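The lines below spell out each chain.
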Amino acid sequence: MDVLELIDSHEGLTFEAKEAVGGFPQSLWETYSAFANTVGGTIVLGLREEADDSYTPVGVPAPELLIKELWDTVNNPRKVSANILAHSNVRTEYLGDAALVVIDVPRAPSSMRPIYLDGHVDNAYRRRGEGDYRCTQAQVFAMARDAAPEGADGTVLEEFGLDALATESIASYRRLLELEHPDHPWLAMDSGELLLRLGAAGYVPGDATLHPTRAGLLMFGYEFQIVRAFPSYFLDYRELGAEPVAEQRWVDRIMSSSGEWTGNILEFWSRVNARLSMLLKRPFCMGEGNVRRDDTPMHAAMREALTNCLVHADYFGECGVAIVANPERVSFRNPGLMRIAPELALQGGASEARNKRIMTMFSLIGRGERAGSGFDTMRRGCAWAGLDEPLLHENVDPDCVKLVFDLRQHVSEHARFERGYHVARFRRDDFDSDVVGAHGQVVRHAFGSFEPYGAPRRYTATLQASDPWDSLTPQEYQIAVFAQEYRRVQRKDVERELGVGRSRAGEVLATLVSQGILEPVGAGRGRFYRPVPA
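A. Fine view of the overall build of the protein. Each helix and strand in the protein was counted, giving 16 helices and 24 strands. By sequence separation, contacts in the protein at least 24 residues apart represent 61% of the contacts at least 6 residues apart. Of the roughly 24,500 Å² that the protein leaves accessible, carbon and sulfur atoms contribute 51%.

B. Molecular detail of the pattern of salt bridges. As enumerated under the stated definition, the model contains 27 salt bridges in all. Among the salt bridges present, the one from Asp314 reaches Arg145, with a minimum N-O distance of 3.2 Å. Here Asp314, found in the loop between α10 (297-311) and β14 (321-326), pairs with Arg145, found in helix α4 (residues 137-147); they are 169 residues apart in sequence, far enough to count as distant. Assigned by exposure class, Asp314 and Arg145 land together as buried. The partner of Asp252 in a salt bridge is Arg275, with the nearest N and O atoms 3.0 Å apart.

C. Spotlight on the packing of helix α5 (residues 167-180) against helix α6 (residues 191-198). Following both chains from N to C, one finds α5 and α6 inclined at 70 degrees, their axes separated by 11 Å at the closest point. It follows from the interaxial angle that α5 and α6 lie roughly perpendicular. For the pair α5 and α6, the crossing hand works out as left-handed. In this structure, α5 uses Ile170, Tyr173, Arg174 and Leu177 to contact α6, whose residues at the interface are Ser191, Leu194, Leu195 and Leu198. Across the contact of α5 with α6, the residue classes tally to six nonpolar, one polar and one charged.

D. Summary view of the nonpolar core. The biggest cluster of nonpolar side chains holds 72 residues, and the ones touching the most others in it are Phe220, Met298 and Phe332. Leave out the neighbours within four places in its chain, and Phe332 touches Leu276, Met302, Ala305, Leu306, Cys309, Ala322, Ile323, Val401, Lys402, Leu403 and Phe405. Phe24, Phe35, Ile43 and Val80 belong to the second largest nonpolar core, which has 29 residues in total.

E. How the structure looks around the packing of aromatic side chains. As enumerated under the stated definition, the model contains 10 aromatic pairs in all. Taking the centre distance of 6.4 Å and the plane angle of 15 degrees together, the rings of Trp261 and Phe268 count as stacked. Site record: aromatic cluster; members linked through ring pairs are Phe24, Trp29 and Tyr32. For the cation-ring pair, Arg128 lies above Tyr133, with the distance from its terminal atom to the ring centre recorded as 3.9 Å.

F. Spatial organisation of the sheet that holds β14. Taken in spatial order, the six strands make up an open sheet running β13-β12-β14-β15-β17-β16, and their pairing is mixed. Pairing within the sheet leaves two strands with one partner each, and these edge strands are β13 (250-255) and β16 (391-395). Neighbour to neighbour, the strand axes of the sheet diverge by 10 degrees on average, direction disregarded. The strands that helix α9 (residues 265-279) touches are β12 (235-240), β13, β14 and β15 (329-335); relative to β12, the one it contacts most, it runs at about 15 degrees. Sheet contacts for α10: β12, β14, β15 and β17 (400-406); angle to β15, the most-contacted strand, approximately 20 degrees.

G. Seen up close, the side chain of Asp314. Residue Asp314 is classed as buried on the basis of its relative accessible area, which comes to 10%. At a separation of 3.2 Å, a polar atom in the side chain of Asp314 contacts the side chain of Arg145. When sequence neighbours within four positions are dropped, the list of residues in contact with Asp314 reads Ala142, Arg145, Pro335, Gly336 and Arg354.

H. Inspection of α6 at higher detail. Within α6, the full set of buried residues consists of Gly192, Leu194, Leu195 and Leu198. Looking straight down α6, one finds that the buried residues subtend no more than 165 degrees of arc, so they occupy a single side. By the N-cap criterion, in which a side-chain oxygen at the helix start approaches the backbone nitrogen of a residue two or three places on, α6 is capped by Asp190, the distance to Gly192 being 3.2 Å. Positive phi appears at Gly199, one or two residues downstream of α6, with a value of about 80 degrees.

I. Representation of empty space enclosed by the protein within the structure. Going through the model one piece at a time under the given rule, you end up with four cavities of 30 Å³ or more. In this structure, the second largest cavity spans a volume of roughly 60 Å³. Ala152, Asp314, Tyr315, Phe316 and Asn355 are, among the 13 residues lining the second largest cavity, the residues nearest its centre. Sorting the residues of the lining of the second largest cavity by element identifies α4 and α7 (214-220) as the ones contributing at least two each. Its residues assigned to classes, the lining of the second largest cavity comprises six nonpolar, one polar and six charged.

J. View of the state of the cysteines. Under the defined criterion, the tally for this structure stands at zero disulfides. Left unpaired, Cys319 is separated from the closest cysteine sulfur, that of Cys400, by 4.6 Å. Overall, the relative accessible area of 13% leaves Cys319 in the buried class.

K. Layout of the sheet that holds strand β1 (residues 15-18). Taken in spatial order, the four strands line up as β1-β2-β6-β5 in an open sheet, and their pairing is mixed. The strands lining the two open edges of the sheet, one partner per strand, are β1 and β5 (90-95). Going from strand to strand, the sheet's axes swing by 25 degrees on average, the running direction of each strand aside. Running over the sheet, helix α2 (residues 28-37) touches β1, β2 (41-45) and β6 (98-105) and is turned about 165 degrees from β2.

L. Representation of the packing of α10 against helix α13 (residues 374-385). Viewed as axis vectors pointing N to C, α10 and α13 meet at an angle of 145 degrees, and their least axial separation amounts to 7 Å. With respect to the hand of their crossing, α10 and α13 are arranged in left-handed fashion. Across the interface between the two elements, Pro297, Met298, Ala300, Ala301, Glu304, Ala305 and Asn308 of α10 pack against Gly374, Thr377, Met378, Arg380, Gly381, Cys382, Trp384 and Ala385 of α13. In terms of residue class, the contact of α10 with α13 is made up of nine nonpolar, four polar and two charged.

M. Main features of the pairing of β6. Among the eight residues of β6, seven are classified as buried, and the element is accordingly described as predominantly covered. Bridge count for β2 against β6 is five bridges, and the pairing is antiparallel. Bridge assignment links Thr42 to a residue of β6, and that residue is Asp104. In terms of strand pairing, β5 meets β6 through six bridges, oriented antiparallel. Among the inter-strand pairings, Tyr94 is bridged to a residue of β6, identified as Ala99. Where β5 folds back onto β6 in an antiparallel hairpin, the turn is made up of two residues, including Gly96, whose phi is positive at roughly 65 degrees.

What counts as what
- Residues numbered from 1 in each chain as written.
- Predicted model: local features only at pLDDT ≥ 70, side-chain atom pairs only at ≥ 80, totals over all residues.
- Heavy atoms only, no water.
- Helix = DSSP H or I, 4+ residues; strand = E, 2+ residues; numbered from the N terminus.
- Contact = heavy atoms within 4.5 Å.
- Areas by Shrake-Rupley, 256 points an atom, 1.4 Å probe, with all protein chains shown as cover.
- Salt bridge = Lys/Arg side-chain N within 4 Å of Asp/Glu carboxyl O.
- Buried < 20%, exposed > 50% of the residue type's maximum accessible area, 1.4 Å probe, protein only.
- Axes fitted to C-alpha atoms, helices over the stretch in contact; angles between N-to-C directions.
- Parallel < 35°, antiparallel > 145°, perpendicular 65-115°, else oblique.
- Left-handed = near helix turned anticlockwise from the far one by under 90°.
- Nonpolar A, V, L, I, M, F, W, Y, C, P; charged D, E, K, R; others polar.
- Core = buried A, V, L, I, M, F, W, Y, C linked by side-chain atoms within 4.5 Å.
- Phe/Tyr/Trp six-rings, centres within 6.5 Å; stacked < 30°, edge-to-face > 60°.
- Lys NZ or Arg CZ within 6 Å of the ring centre and 35° of its normal.
- Pairing = 2+ DSSP bridges.
- Polar contact = N/O pair within 3.5 Å; in protein donor to acceptor, adjacent residues only side chain to side chain.
- Arc of directions from axis to C-beta.
- 1 Å grid on protein atoms, 1.4 Å probe; cavity = no way out; pocket = protein on both sides within 12 Å on 5 of 7 lines; lining within 4 Å.
- Points joined across faces, edges and corners; volume = space filled by probe spheres on them.
- Disulfide = S-S within 2.5 Å.

In structure tokens form, the structure reads like this:
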């Protein structure tokens, strides 16, 4: 992206302009630390921000000298704890006669965070909105936990005994392990030895007694014991009915704090997986041996999303795990920022589990894909079901990651064809034209291919014009979902979510307002948009 595109699509969270007319701006290092410790961003030297939020290129007199000072300082450990810049991250660009120095600061690897200044970890910064703020002690501790090579869940909790773990949960895990690996050698071990092998228990120096690890307590513990070690621990599943959003009430709820069950991760997974499994449609399919198979790739996708949510959660985080489901949408939210850039996670093949031992325990019982393949499983399930890929959103302050599945099919049922596990795949991007039918309905023509035949065929799907959501483009739909989830959206949110400039963001919001999906609140820079009550 060149500097003109950066200026046009700038977002305060990931963009910072500095004049630098008087020499190298020392405040750059606070922004460097903040970008590295948050989600990355771009610093441009030689730009002046005007009162109307626009930018004027004033240039820098000697860009090569600024760049030399940048490299000298970023490689000085007395000033900066680590250099995460490559030479490709720094360049000179020109707007007319104005020379600008552009510095792309990547998100620092989790093993290197926090990035701090002047030799003191207290001088670590985070980005919030358009400003750089000194990290709180909790934020520094969170990054330090993520940087630990053994992961966040390997610490042995010497103040707890194995009586903090629910024997019924351990027995349940043993049964699941036997179903997945009937001949596994660990099945012959007693509970203590099994927990030790799983990384759920361990010893502390000078003590021959087994104690649970963080992973063991989270996976098998009683909730009242878990919150002693994780004060913010909370698992919440809410299932809503099909009523309009403004009138929705949950029809089923599973909370770790209810006192009606153990409240640990393993039992939460089992209970929620059963509910999600019932929520999804099950086609009539015959498997090997002419036996009906109720499991589908979409069910596998939901299981993977549930496992990922629990495996990657920061249980010391500000917000708990929250899963909200209704017949049209399922969202998974876990506390903590991602340990790798979202674009790398979406590409597949890369993964850094925050809770490595919990991930291993789930993998042993077949409840999680191998590292880096989770999003492929989710994509495959959505493609099988004729749905869009899930939307991934990373939020800063409070730090959390949200994954949203839209369960509404974008063509009518008669346009789907199932044979075994093969299905015609349709996406909104597949629609090549819109025409208006004789009775005013919107008719869209879609091309799809059937497996295993592979011959392209044309199908017509009739979508009722009474539902404004059905006429949205993929970008408009993404922002409508964002607004429903977060109850408000600003133009800068649209720019960030879609990676577009201000004008396109304004067009998307204007369409959603005209369709009666959003309504504006306030004016000027403080204006935001909220969902229109049903």
